[in-house]
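Observations on the model geometry
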Amino acid sequence: MELQALPSRIGQVRRIVSAQLRYWHLDSLIDRAALGVTELLTNVHLHATPDKTCTVEIELLLDRLTVSVRDHDPRLPVVDDAAPLATCGRGLAMVAAMSESWGARPDGESGKVVWFSLPAAAPAPTVTARPPRRLVEEVPAAAFAEVDHAVALGGPQPAPARSAVAG
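Model, not experiment: these values are computed from the prediction.

Here's the deal with the packing of helix α1 (residues 7-23) against helix α2 (residues 30-47)
Direction vectors running N to C along α1 and α2 enclose 150°, while the axes themselves pass 9 Å from each other. By the angle between their axes, α1 is roughly antiparallel relative to α2. Like other packed secondary-structure pairs, α1 and α2 cross with a definite hand, here right-handed. Contact residues: Pro 7, Ile 10, Val 13, Arg 14, Val 17, Ser 18, Leu 21 and Arg 22 in α1; Ile 30, Ala 33, Ala 34, Val 37, Thr 38, Leu 41, Thr 42 and His 45 in α2.

Quick word on the pairing of strand β4 (residues 101-106)
With 6 bridges joining them, β4 and strand β5 (residues 112-119) adopt antiparallel strand pairing. Looking across to β5, one finds that Ala 104 is bridged to Val 114. Where β4 folds back on β5, the antiparallel hairpin that results is connected by 5 residues, among which Gly 108 adopts a positive phi of roughly 70°.

Basis of the calculations
Residues numbered from 1 in each chain as written. Predicted model: local features only at pLDDT ≥ 70, side-chain atom pairs only at ≥ 80, totals over all residues. Heavy atoms only, no water. Axes fitted to C-alpha atoms, helices over the stretch in contact; angles between N-to-C directions. Helix = DSSP H or I, 4+ residues; strand = E, 2+ residues; numbered from the N terminus. Parallel < 35°, antiparallel > 145°, perpendicular 65-115°, else oblique. Left-handed = near helix turned anticlockwise from the far one by under 90°. Contact = heavy atoms within 4.5 Å. Pairing = 2+ DSSP bridges.

Rendered as structure tokens:
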């Protein structure tokens, strides 16, 4: 999708990426993908010249999700060591920390692509544990014959069984 990397649009793209990952049943990747795309779009907003137009692509191949942002600024990003009290400058370091891999490459004469990838292994099937099988001892029929069937006829008798089903 092509867009202007403005703060209001960055939130919209984050929601679109999250919805697509839900559709692909990759809910476990939503937080990291949303963080990564936010950081890459913020870099376009803060640093790209001559304009803030960019394209976001998400691609799922085999067991890897790749998110890329293409802009019209040929300067490749540099990971800086942010000062301890700095309020910016940590975006690419966060992308590097939360992703499996990331990078930047020139794109034609006047642009670049910055990307990151996340492992997207298929979720393991849910397995319900069966209770262990119990071995049943054989009981000789004679043991059942020893049950006392005597019923006191003078005492109270149990009520007959009734069905809750009409008819």
